[in-house]
There are 2 protein chains.
Amino acid sequence: MVDQTSLGLCSLVKQDGTLELSLAEVSVSPPKDDEVIVRVEATPINPSDLGLLLAGGDVRLANASGRGSQTVVTAPIAPAAMRALAARIGKPMLVGLEGAGVVTNAGASPEAQALLGKTVSILAGSMYGQLRKVRAADCLILPAGIRSEEAASAFVNPLTALGMLETARREGHKGLVHTAAASNLGQMLNRLCQADGVPLVNIVRSEEQVQTLKGLGAEHIVNSAQASFRDDLVSALKATGATLAFDAIGGGKLAGQILSAMEAVAAGASPEVYNMYGSSVHKQVYIYGRLDPGPIELTRDFGMTWGIGGWLLFQFLAKVGPEVEARLKARVASEIRTTFVSHYTRTISLAEALDPNVIAAYSRRATGEKFLINPSLAIE
Amino acid sequence: MVDQTSLGLCSLVKQDGTLELSLAEVSVSPPKDDEVIVRVEATPINPSDLGLLLAGGDVRLANASGRGSQTVVTAPIAPAAMRALAARIGKPMLVGLEGAGVVTNAGASPEAQALLGKTVSILAGSMYGQLRKVRAADCLILPAGIRSEEAASAFVNPLTALGMLETARREGHKGLVHTAAASNLGQMLNRLCQADGVPLVNIVRSEEQVQTLKGLGAEHIVNSAQASFRDDLVSALKATGATLAFDAIGGGKLAGQILSAMEAVAAGASPEVYNMYGSSVHKQVYIYGRLDPGPIELTRDFGMTWGIGGWLLFQFLAKVGPEVEARLKARVASEIRTTFVSHYTRTISLAEALDPNVIAAYSRRATGEKFLINPSLAIE
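Basis of the calculations
- Residues numbered from 1 in each chain as written.
- Chains lettered and ligands numbered in written order.
- Predicted model: local features only at pLDDT ≥ 70, side-chain atom pairs only at ≥ 80, totals over all residues.
- Heavy atoms only, no water.
- Salt bridge = Lys/Arg side-chain N within 4 Å of Asp/Glu carboxyl O.
- Buried < 20%, exposed > 50% of the residue type's maximum accessible area, 1.4 Å probe, protein only.
- Phe/Tyr/Trp six-rings, centres within 6.5 Å; stacked < 30°, edge-to-face > 60°.
- Least-squares fit on C-alpha atoms with pLDDT ≥ 70 in both.
- Helix = DSSP H or I, 4+ residues; strand = E, 2+ residues; numbered from the N terminus.
- Expected span 1.5 Å × (residues − 1).
- Contact = heavy atoms within 4.5 Å.
- Domains from an automatic or database assignment.
- Buried area = accessible area lost by both parts, 1.4 Å probe.
- Pairing = 2+ DSSP bridges.
- Axes fitted to C-alpha atoms, helices over the stretch in contact; angles between N-to-C directions.
- Polar contact = N/O pair within 3.5 Å; in protein donor to acceptor, adjacent residues only side chain to side chain.
- Parallel < 35°, antiparallel > 145°, perpendicular 65-115°, else oblique.
- Left-handed = near helix turned anticlockwise from the far one by under 90°.

The next point concerns the pattern of salt bridges. Where side chains of opposite charge bring their charged atoms close, a pairing between them can arise. Residues and elements named next belong to chain A. Under the defined criterion, the tally for this structure stands at 38 salt bridges over all chains. A salt bridge links Glu-20 to Lys-14; the shortest N-O distance between them is 3.1 Å. A relative accessible area of 32% means that Lys-14 is categorised as partly exposed.

All right, on to the packing of aromatic side chains then. Residues and elements named next belong to chain A. Taken as a whole, this structure holds 10 aromatic pairs over all chains when the rule is applied. Centroid distance Phe-302 to Trp-306: 5.1 Å. Interplanar angle 70°. Geometry classified as edge-to-face. Here the two residues Phe-302 and Trp-306 agree in accessibility, since each one is buried. Among the aromatic side chains, those forming a connected cluster through ring pairs are Phe-246, Tyr-286, Trp-311 and Phe-316.

A few words on the relation of the copies chain A and chain B. Of the transformation placing chain A onto chain B, the axial shift is 0.0 Å and the rotation is 180°, giving an RMSD of 0.0 Å. Here the transformation between the copies is reduced to the relation of a two-fold axis.

Next up on the list: helix α11 (residues 322-334) of chain B. Residues and elements named next belong to chain B. Counted at 1.5 Å a residue, the expected span for α11 with its 13 residues is 18 Å, and the 18 Å between its end C-alpha atoms agrees. Of all the residues in α11, the buried ones are Val-324, Glu-325, Leu-328, Lys-329, Val-332 and Ala-333. Among the structural elements, β10 (140-141), α5 (156-170) and α10 (313-320) are those in contact with the buried residues of α11.

Another point: the domain arrangement of chain A. All names here are of chain A. Here the domain parsing of chain A yields domain 1 (4-153 + 342-373) and domain 2 (156-316). The C-alpha-based centres of domain 1 and domain 2 are spaced at 32 Å. Contacts between the two partners involve 11 residues from domain 1 and, on the opposite side, nine residues from domain 2. Summing both sides of the interface, domain 1 and domain 2 together bury roughly 910 Å²; the carbon and sulfur share of this comes to 56%. When the area that domain 1 buries against domain 2 is broken down by residue, the three leading residues are Leu-123, Ser-342 and Thr-367, summing to 41%. Where domain 1 touches domain 2, the interface holds zero salt bridges.

Attention now moves to the pairing of strand β2 (residues 18-28) of chain B. All names here are of chain B. Of the strand pairs in this sheet, strand β1 (residues 4-13) and β2 are connected by 10 bridges, and their pairing is antiparallel. In the sheet register, Val-13 faces β2, and the bridge partner there is Leu-19. The antiparallel hairpin formed by β1 and β2 contains four residues in its connecting segment, where Gly-17 sits at a positive phi of about 85°. Summarising the sheet, β2 and strand β5 (residues 72-76) pair through five bridges and their orientation is antiparallel. Following the sheet pairing, Ser-22 is matched in β5 by Val-72.

In this section: the sheet that holds strand β2 (residues 18-28) of chain A. All names here are of chain A. Strands sit in the order β4-β5-β2-β1-β6 across an open sheet of five strands; the sheet is antiparallel. Because the sheet does not close on itself, it has two edges, and the strands there are β4 (63-65) and β6 (93-94). Each of β1 (4-13), β2 and β6 is contacted by helix α1 (residues 47-54), which is oriented at about 100° to β2, the strand it contacts most.

A few words now on unusual backbone geometry. A positive phi is found at Ala180(A), a non-glycine position, where the angle reads about 50°. Its location among the elements puts Ala180(A) in the loop between β11 (176-179) and α6 (184-196). Not every positive phi belongs to a glycine, and Ser126(B) is a case in point at roughly 55°.

On to the side chain of His173(B), then. Residue and element names in this part refer to chain B. The topology assignment puts His-173 in the loop between α5 and β11 (176-179). Taking relative accessible area as the criterion, His-173 reaches 10% and is therefore assigned buried. Of note is the side chain of His-173, whose polar atom sits 2.6 Å from the side chain of Thr-243. The residues touching His-173, leaving out its near neighbours within four places in the chain, are Ala-168, Thr-243, Leu-244, His-282 and Gln-284.

We now examine the interface of chain A and chain B. With 43 residues of chain A at the interface, the matching set in chain B holds 43 residues. Carbon and sulfur atoms make up 57% of the surface buried where chain A meets chain B, a total of about 3,400 Å² over both sides. At the junction of chain A and chain B, the tally comes to two salt bridges. Here Asp301(A) makes a salt bridge to Arg83(B), at a shortest N to O gap of 3.8 Å. For the pair chain A and chain B, the number of links is 11 residue pairs in polar contact (both at pLDDT 80 or more). Broken down by secondary-structure element, the contributors of at least two residues to the side of chain A that touches chain B are α1, β15 (250-252), β17 (292-298) and β18 (306-310) of chain A.

Overall, mixed pairing links the 12 strands, which are arranged β13(A)-β12(A)-β11(A)-β14(A)-β16(A)-β18(A)-β18(B)-β16(B)-β14(B)-β11(B)-β12(B)-β13(B) in an open sheet. Only two strands of the sheet have a single neighbouring strand rather than two, namely β13 (220-223) of chain A together with β13 (220-223) of chain B. The mean angle between the axes of side-by-side strands here comes to 15°, regardless of whether they run parallel or antiparallel. Bridge count for β11(A) against strand β14 (residues 244-247) of chain A is three bridges, and the pairing is parallel. Along β14(A), the bridge assignment pairs His178(A) with Phe246(A). Its contacts with the sheet put helix α8 (residues 229-240) of chain A on β11, β12 (200-204) and β13 of chain A, and the angle it makes with β13(A) is roughly 160°. On top of the sheet, helix α7 (residues 207-215) of chain B reaches β12 (200-204) and β13 of chain B; it is set at about 175° to β13(B), its chief contact.

With that out of the way, let us pick up the packing of helix α5 (residues 156-170) of chain A against helix α11 (residues 322-334) of chain A. Residue and element names in this part refer to chain A. Contact geometry for α5 and α11: axes closest at 10 Å, N-to-C directions at 130°. With respect to α11, the axis of α5 lies oblique. Where α5 crosses over α11, the two elements pack in a sense that is right-handed. Here Pro-158, Leu-159, Leu-162, Glu-166 and Arg-170 of α5 come into contact with α11, specifically with Val-324, Arg-327, Leu-328, Lys-329, Arg-331 and Val-332.

Turning to the pairing of strand β7 (residues 98-106) of chain B, a few remarks are in order. Residues and elements named next belong to chain B. Counted residue by residue, β7 has eight buried out of nine residues, so it is predominantly covered. Two strands pair when backbone bridges link them, and strand β3 (residues 35-45) and β7 are joined in this way by six bridges, in the antiparallel orientation. For Ile-37, the partnering residue across the bridge sits in β7 and is Asn-105.

Okay, the environment of Gln226(B) next. All names here are of chain B. Tracing the sequence through the fold places Gln-226 in the loop between β13 and α8 (229-240). A residue is classified by how much of its surface remains accessible, and Gln-226, at 40% relative accessible area, is partly exposed. In this structure, the C-alpha to C-alpha distance between Gln-226 and Ser-206, residues 20 residues apart in sequence, is 8.6 Å.

Residues and elements named next belong to chain B. The end-to-end C-alpha distance of helix α6 (residues 184-196), which contains 13 residues, comes to 19 Å, matching closely the 18 Å that a straight helix rising 1.5 Å per residue would cover. Extensive coverage of α6 is indicated by the burial of 10 of its 13 residues. Those residues of α6 that are buried are in contact with α5, β11, β12, α7 and α11.

Pasting the structure below:
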C-alpha cells in the first residue's frame, strides 16, 4: 500500500503578525498494525478550536486570494496578542479537536481490522482534514446506525458536561451554577443534570436565552441583564444549595458576584453567628472559557472560604485517570442521540471554511450557534 | 471557691453605626474538673485581632470619655462597612485570639492540677482580659523558664508559617512565594524555610524591607516598587521553582502578576511547545490577609492551570486534623525562642489599649511593628 494524500486546514502565524489560513497537502502513510485511517465526514468548530485556528487574528480584515484548494486567507494579529503566540510563529498547525468518520484502512491487528467500515468518533487534533490516521484504541465506536454528523461532537462538550458533574461530586458540592448557560454545552448540561437529578442554576444574558432554557425544562434560570439579578441568583442558590460554578465568560465581575451570592446564602443560614472571616462553606468558581478575555475583577465580600481557578478538560481527564475516562466515554456513546445530542447551524466544506464571509459567521461565537465542517464535501 | 471578676476589652458595634470600645467586667466562675484559670500576662495585637476589635471603624475620629476602667472610646463606622457587620450589631464581643499567662486556679483532674503555677499559651479568643478560663487540654505547655511575653504569640503566626509549609508539601509545590514578606510573620517564615531547606521568594515594597530580610539571611528578595519587578520575580521563581504563593495583600494586581510570572517560567522551560491553554504546571495563590481591601484584578495571561483562593488558619487546622495540629504545636513549643520568636514594638496595658493615640499607632499595621497587651499591668 502506498501513501495517500489528504487536504487539511492549516493555520500559520507569521513573524510579521499575519495569520495565514490555507489547505495543506498532508501525506498519510499506511497504518501500522494497531492503527486505522478514518475518512473524516463531520468535525465541529468548537470555541476551543477557534483559538488555535484564528490565533486572535482580526478576521473582520480577512483577505482571501486563490481559488478552491489553493485559497489563502490572511488577517492581521494585534501586536499585543503576538507575545502569547511566540511558540507557534512559523509553524503550520493543523486544526480540529474532534470529529467522526468512516474507517477506510486498518492495520493488521484484530482490533484495527474490526473497525473497517465502521463509523467512529475521534479526539485527536488535526481533524479538519480529509483523512486522519489514529490508533484503533483511540476510536470511540458508536452504536450501529449512527451517522458521522451525529457522532462529530462526542468528546469536547459531552466530556466537559460530564466532567463538571464529576468534579462537583468529587469536591462535595450538591448543586451547580453554569454561565452562558444557553450555549450548546449549556443545553447538554441541562439534559444531563435533569437525567442525574443534580440541581443546576443557569445564568444567561437575555430573555431569549431564558426562553430557550425554559423550553428544555430548566428549573432555575437567572438573567444577569435584569436589575434583580443578585436577588434572583441568591434565591436560586438557596433553592439548589449550589456552591460550585463553571464559568465560560471569565472576564469582568461575574465570578465574584457568584461567590458573593453563594456567601450570602451560606451566612444567611445562621444569621445570628458573626464570623469576620465569613462562613466556613467552601465556594468555588472554575473558569473554563474566555468569552470575555478582559481582566477578572473580584470584590471581596465573600469571606475567606473560596476558590477560583482554571478548568481544562484535558487536565481533568488526566487527573481522574483512564478508568473514569472510559466510563464517561461509554456513557456518551450510549446516549449520543439523547443527552449528548448536538445541533448545528450549518454544515460547510473545507473550502467554505476559508471564505471570509463564512469565517465571519463562525467566529461570532453566538450563543447556541455551531458550525460543522464536512471535509468529504467536494472542493471546487 | 467563689466567682472572680475580670476586666476584658470589649468591642461593640451599635445599630447607629458607632463602634464602642470599653473594659467590661466579666464574672469568672470556678473551674470545672478539667479546666484552669489563667492570669493573662501577654497577648499580642495581630492583624486578625484588629478586624474584630475595630470593626472597620474610623479610628482617626476616635473619641474617649471617662477614665481608667471606665474609659469608653467611640468611632464611626462607614455605612458601607455596616452590612458585613449585621450579625454582631448590639452584641458586646471580647477580643484577643491568643496569649500567655500563669495558671492560678485548676480543676480537680490531675491534668488540670498539673498546670498550677505553670506558664501556658492559649488560642481561645477573649484573651484581652485579666483572667481566662479554658480547658486544661487546650493549654500549650512551654519549656521551663519561658516568660509569658515570649509565649504570647505561640499560635497565630507560628502555626500560619508552619501551615504554609505543610500546605506546600501536601499540594506538591517545592518552593514558596510570600508577599508583605518583611512582616513579623514573614521574618518567621524566613527562619522556618531556612531551617527546613524550603526555597522562599520574598516580595516586599521598599528598600528598607529588602535590608531587613537581607539581615535575616534571606536569599530571594524582590522589591515590587522597582521597575524591574517582573523580571526580578521571574528570575527568583526560576531559581526556586516556586509555584505556590501566600499573599497577605489581596487587593490589586499582585496575585495575577505572581501567576503570570510563574507561567512565564513554566512556559520558558519548553519554549518550543505551543499550547494555547498555557503550561500544565499548576500555579496557586492563597490570599490569607487583607492589607489592601480593594478588588482583586486578574489579567489572564497565565494559561488555564491556576487557582486563587482564601487561606484561613482555622480551616487549615480543621482539614489536617488533630494529630498534625499537635505535631505542629509541639514544634512551636520547642522552638519558641528561636524559629518562632516574636518581637514587639511596645507593651501596653488594657487602659492604654483604649487611648486614641495608642489606637492610632497599633491600627497602622506598619510592617514589622507589633504591639503586646499585658492585662496584668495596673489600670489607674
